[in-house]
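Analysis of the macromolecular model
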Amino acid sequence: MSSESLSIARPARALLYLHGFNSSSASPKARLVKAACEVLARHEGRPFACLTPDLSHRPDLAWRQAEAALESLGHEGTLLVGSSMGGFLATLLAERYGLRAVLINPAVQPARFVADYLGQTLLNDASGEQFTIDDSYFDQLTALQWERIVHPARYLLLLGSADETLDCRDALRAYAGSRILIHPGGDHGFDVLPEYLPALFAHGGWHVPRSLVLS
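Here goes a summary of the coordinates provided. Computed from a prediction, not measured in an experiment: that's the story for all the values here.

A word on the nonpolar core
Counting 40 residues, the largest nonpolar core has L80, F88, L89 and Y175 as the members making the most contacts within it. Only strand 1 (14–18), helix 3 (59–73), helix 4 (85–97), strand 4 (101–104), helix 6 (135–144), strand 7 (155–160) and helix 7 (168–174) provide two or more residues apiece to this core. Element by element, the count of residues in this core is highest for helix 4, at seven residues. With near-sequence residues (within four places) excluded, L89 lies in contact with L18, L55, A62 and W63. Core analysis: the second largest hydrophobic core is formed by 28 residues, A12, Y17, L79 and L193 among them.

Topic: the sheet that holds strand 3 (residues 78–83)
As summarised here, the arrangement of the six strands in space is 2-1-3-4-7-8, forming an open sheet in which the pairing is parallel. Looking at the sheet topology across the chains shown, the edges are occupied by strand 2 (49–51) and strand 8 (179–183). Averaged over all adjacent pairs, the angle separating strand axes in this sheet is 15 degrees, with direction ignored. Note that strand 7 and strand 8 share five bridges and pair parallel. By the bridge assignment, L157 is partnered in strand 8 with I180. Contacting strand 1, strand 2 and strand 3, helix 3 crosses the sheet at an angle of about 170 degrees to strand 1. Running over the sheet, helix 4 touches strand 1, strand 3, strand 4 and strand 7 and is turned about 150 degrees from strand 3.

What about the packing of helix 3 against helix 6?
One way to put it is that helix 3 packs onto helix 6 with a least axis distance of 8 Å and a crossing angle of 45 degrees. The pairing of helix 3 with helix 6 is recorded here as oblique in orientation. Touching P59, D60 and W63 of helix 3 are Y137, Q140, L141 and L144, all from helix 6. Across the contact of helix 3 with helix 6, the residue classes tally to five nonpolar, one polar and one charged.

Details of the side chain of S178
Mapped onto the secondary structure, S178 falls in the loop between helix 7 and strand 8. Filtering out sequence-adjacent residues up to four positions away, S178 remains in contact with P152, Y155 and L157.

A short note on unusual backbone geometry
Within the chain, N22 stands out as a residue other than glycine whose phi angle is a positive 60 degrees. The exposure class assigned to N22 is partly exposed, which follows from its relative accessible area of 24%. One non-glycine residue, N105, lies in positive phi territory at about 45 degrees. Residue placement: N105 occurs in the loop between strand 4 and helix 5 (114–117).

Comments concerning the packing of helix 2 (residues 28–44) against helix 8 (residues 193–203)
Two elements in contact, helix 2 and helix 8, have axes whose closest approach is 11 Å; the angle formed by their N-to-C orientations is 50 degrees. One element, helix 2, and the other, helix 8, form an angle in the oblique class. At the point where helix 2 passes helix 8, the crossing takes the right-handed sense. Contacts from K29, L32, V33, A36, C37 and L40 in helix 2 reach L193, P194, L197 and F201 in helix 8. The residue inventory of the contact of helix 2 with helix 8, partitioned by class, reads nine nonpolar, no polar and one charged.

What about the pattern of salt bridges?
Scanning the model with the defined rule gives five salt bridges in all. A single network of salt bridges, built from pairs that share partners, joins R112, D170 and R173.

About the cut-offs
Residues numbered from 1 in each chain as written. Predicted model: local features only at pLDDT ≥ 70, side-chain atom pairs only at ≥ 80, totals over all residues. Heavy atoms only, no water. Core = buried A, V, L, I, M, F, W, Y, C linked by side-chain atoms within 4.5 Å. Buried < 20%, exposed > 50% of the residue type's maximum accessible area, 1.4 Å probe, protein only. Helix = DSSP H or I, 4+ residues; strand = E, 2+ residues; numbered from the N terminus. Contact = heavy atoms within 4.5 Å. Pairing = 2+ DSSP bridges. Axes fitted to C-alpha atoms, helices over the stretch in contact; angles between N-to-C directions. Parallel < 35°, antiparallel > 145°, perpendicular 65-115°, else oblique. Nonpolar A, V, L, I, M, F, W, Y, C, P; charged D, E, K, R; others polar. Left-handed = near helix turned anticlockwise from the far one by under 90°. Salt bridge = Lys/Arg side-chain N within 4 Å of Asp/Glu carboxyl O.

And the structure:
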């Protein structure tokens, strides 16, 4: 068995969840994943560290924060989970450190969308922070953009077929060869995540008993 296969089969010992653009650790998906990690750790009777850091709206800073969070968990044996922009960052980490990742409606080329928001002032509901989108967002995202997926088997994608923000076909092309689950009619928020928690944790090598309540 190759080292790549071994790294995929071995149970993860930690999980890092990266939320989407202008979201927070208080988002429903972040809280759900955090709670599920705690339930699984109790059920298995062994530690399973989980971090859901708050990430900056600025791409370069969000990337540094994500990398620092992974550093605190350790590069080996951490399962990455990212939603939207968090999926973009999770891909960067997965490619750099050879980690498994579960991506929920991931942004594939986020720099393309900067023009749609240029000059707009946005509010983060969780922190109360206001910020304005300028050209630096395009420059930072372009600098971070990955070129191609080297090992598709590292990834599990959870996509909503009716994502109103990102076209799921972009992810289908970019992550060709990865395991992909498409929820018919699912939107960008992917509020059906509770149904997919067993698949999410199975990608990290954890067995989730059907009797275990995670939602």
